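Take a look at the letters that make up each chain.
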Amino acid sequence: MKVSELAQKAGLKAINEFRDREVESVYISDMVSDILTAAKAGSVLITLQTHKSLIAAANLVNVAMVVIAKNRKPADDVVELATRAGIGLFNSDLDTWALAKKLAQLGF
Amino acid sequence: MSEGAHRWFMTNIRDGYLVVEGCPECGARSSFFSTEHVPPVDEYHDGGHFWIYLGSSQATKFDLKCGDCGKTVDLCDMNGLMLSACRDPGCAVGELVRRQGPGSWVYVALCPDSTHAGGRCVSNEGIEALNEYFNQDLGAMDRRVVVVPCRQCDSIDRCRGTVIADVGLTDLYAETPEEDRRRAKGRTGGKE
């Protein structure tokens, strides 16, 4: 499933312009050290974090998109970095658990 | 990936704390990885240094192993990775960052001793393996990761970048500049 299709089906709100690539898996974490060692390339990362360090880690791992739960909003420099990296940045009113259930319903 | 190249995966992943110390005498910084339940905060003399605790963050260390040949590269001499934003023309890393095109990212592998007084840094073998690991699955993507050792920085203590570390993650960003100013006024008793 492409980033845009997943965003539409899960009711996610796009924060930036992104590369519409294939999403292959899901990872949930709020720790950047954990993301670095456990998230997979092409994954959708669900998190509460909005720190710039999150994008530095997500970019290195080559995640496809980041969904920030509970409608938290990242700062402009975080959005700018994600955009340069081509990482789709989205937020959702849902909490992490509800997002996970929704993605499971979508076949992940 | 070219024929005969390694196929790396992370191994020996261990969780702990990255503890940063500083010497007020000479301004040097040092860091070490601790797997103790609580990060150590001791102050102590070591040679000409007097190390004091500056802070710590949760961290993860790992090695790289080739799934094809079984070779393992020990990365115990790497304490972290930093996405470089250096633009200093007098710095080799800054110059490298300036030369990169879109989709190419420079990360600095950080060793424990910012002074490099002992002549040690992240090994060449480790840097080579990290470069291969972070680029091996990119396929046709217009994307590249370049990992360099921190000894290439003009001054790693002044270098600009975003360290991948679980520290400062709970700092709140203001949602608007107005909110930022309002918070600043709150902190300063109403003064701008």
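All values derive from a computational prediction rather than experimental measurement.

Scoring rules and cut-offs
- Residues numbered from 1 in each chain as written.
- Chains lettered and ligands numbered in written order.
- Predicted model: local features only at pLDDT ≥ 70, side-chain atom pairs only at ≥ 80, totals over all residues.
- Helix = DSSP H or I, 4+ residues; strand = E, 2+ residues; numbered from the N terminus.
- Buried ≥ 20, exposed ≤ 12 C-beta atoms within 10 Å, placed from the backbone.
- Core = buried A, V, L, I, M, F, W, Y, C linked by C-beta atoms within 7 Å.
- Contact = placed C-beta atoms within 7 Å.
- Pairing = 2+ DSSP bridges.
- Nonpolar A, V, L, I, M, F, W, Y, C, P; charged D, E, K, R; others polar.
- Axes fitted to C-alpha atoms, helices over the stretch in contact; angles between N-to-C directions.
- Parallel < 35°, antiparallel > 145°, perpendicular 65-115°, else oblique.
- Arc of directions from axis to C-beta.

**Student:** So what about the environment of Gly107 of chain A? Which residues, and what values?
**Tutor:** Residues and elements named next belong to chain A. With respect to the helices, strands and loops of the structure, Gly107 is situated in the segment after helix 5 (96–105). On the basis of neighbour counts, which here come to 8 C-beta atoms within 10 Å, the residue Gly107 falls in the exposed class. Residues Gly107 and Ala38 lie 69 residues apart in sequence; the distance between their C-alpha atoms is 21 Å.

**Student:** Describe the nonpolar core, with residues and values.
**Tutor:** All names here are of chain A. Of all hydrophobic cores here, the largest spans 79 residues; its most connected members are Met65 and Val66. Here this core gets seven residues from one element, more than from any other, and that element is helix 3 (residues 52–61). When sequence neighbours within four positions are dropped, the list of residues in contact with Met65 reads Val3, Phe18, Val23, Val44, Ile87, Gly88 and Phe90.

**Student:** Lay out the pairing of strand 6 (residues 80–84) of chain B with the relevant residues and their values.
**Tutor:** All names here are of chain B. The buried fraction of strand 6 amounts to five of the five residues, a majority that puts the element mostly inside the structure. By the alternation rule, side chains of strand 6 split into Gly80, Met82 and Ser84 and Leu81 and Leu83, which are all buried. Sheet analysis places strand 6 next to strand 9 (residues 161–163), joined by three bridges and oriented antiparallel. Residue pairing for strand 9: Leu83 is matched across the bridge by Thr162.

**Student:** If you had to explain the sheet that holds strand 3 (residues 43–47) of chain A to someone new, which residues and values would you point to?
**Tutor:** With mixed pairing, five strands are arranged side by side in an open sheet as 1-5-4-3-2 (chain A). For this open sheet the edge positions go to strand 1 (13–14) and strand 2 (25–28) of chain A, each flanked by a neighbour on one side alone.

**Student:** Can you tell me about the interface of chain B and chain A, naming the residues and giving the values?
**Tutor:** In this assembly, 23 residues from chain B lie in contact with 19 residues from chain A. Those elements giving two or more residues to the side of chain B that touches chain A turn out to be strand 1 (8–22), strand 4 (49–66), strand 6, strand 7 (104–110) and strand 9 of chain B. Here the side of chain B that touches chain A takes four residues from strand 4 of chain B, the largest share from any one element. Counted by class, the side of chain B that touches chain A contains 16 nonpolar, four polar and three charged residues.

**Student:** Provide a residue-level description of the packing of helix 3 of chain A against helix 4 (residues 76–85) of chain A, including the pertinent values.
**Tutor:** Residue and element names in this part refer to chain A. Following both chains from N to C, one finds helix 3 and helix 4 inclined at 10°, their axes separated by 9 Å at the closest point. One element, helix 3, and the other, helix 4, form an angle in the roughly parallel class. Across the interface between the two elements, Lys52, Ile55 and Asn59 from helix 3 touch Asp77, Val78, Leu81, Ala82 and Ala85 from helix 4. Per-class residue counts for the contact of helix 3 with helix 4 are five nonpolar, one polar and two charged.

**Student:** Describe the sheet that holds strand 6 of chain B, with residues and values.
**Tutor:** Sheet architecture is open: four strands sit in the order 8-7-6-9 (chain B), paired in mixed fashion. A strand with exactly one partner marks an edge of an open sheet, and here the two such strands are strand 8 (144–149) and strand 9 of chain B. Each neighbouring strand pair of the sheet contributes to a mean axis angle of 30°, computed without reference to strand direction. Its contacts with the sheet place helix 3 of chain A against strand 6, strand 7, strand 8 and strand 9 of chain B, and it is angled at close to 85° to strand 9 of chain B. Where helix 2 (residues 124–135) of chain B meets the sheet, it contacts strand 7 and strand 8 of chain B, and its direction lies at approximately 165° from that of strand 8 of chain B.

**Student:** For helix 1 (residues 3–10) of chain A, give the residues involved together with the corresponding values.
**Tutor:** Residue and element names in this part refer to chain A. Listing the buried residues of helix 1 in full gives Val3, Leu6 and Ala7. Along the axis of helix 1, the buried residues cluster in a sector spanning 100°; they form a single face. Looking one or two residues beyond helix 1, the residue adopting positive phi is Gly11, at roughly 70°.

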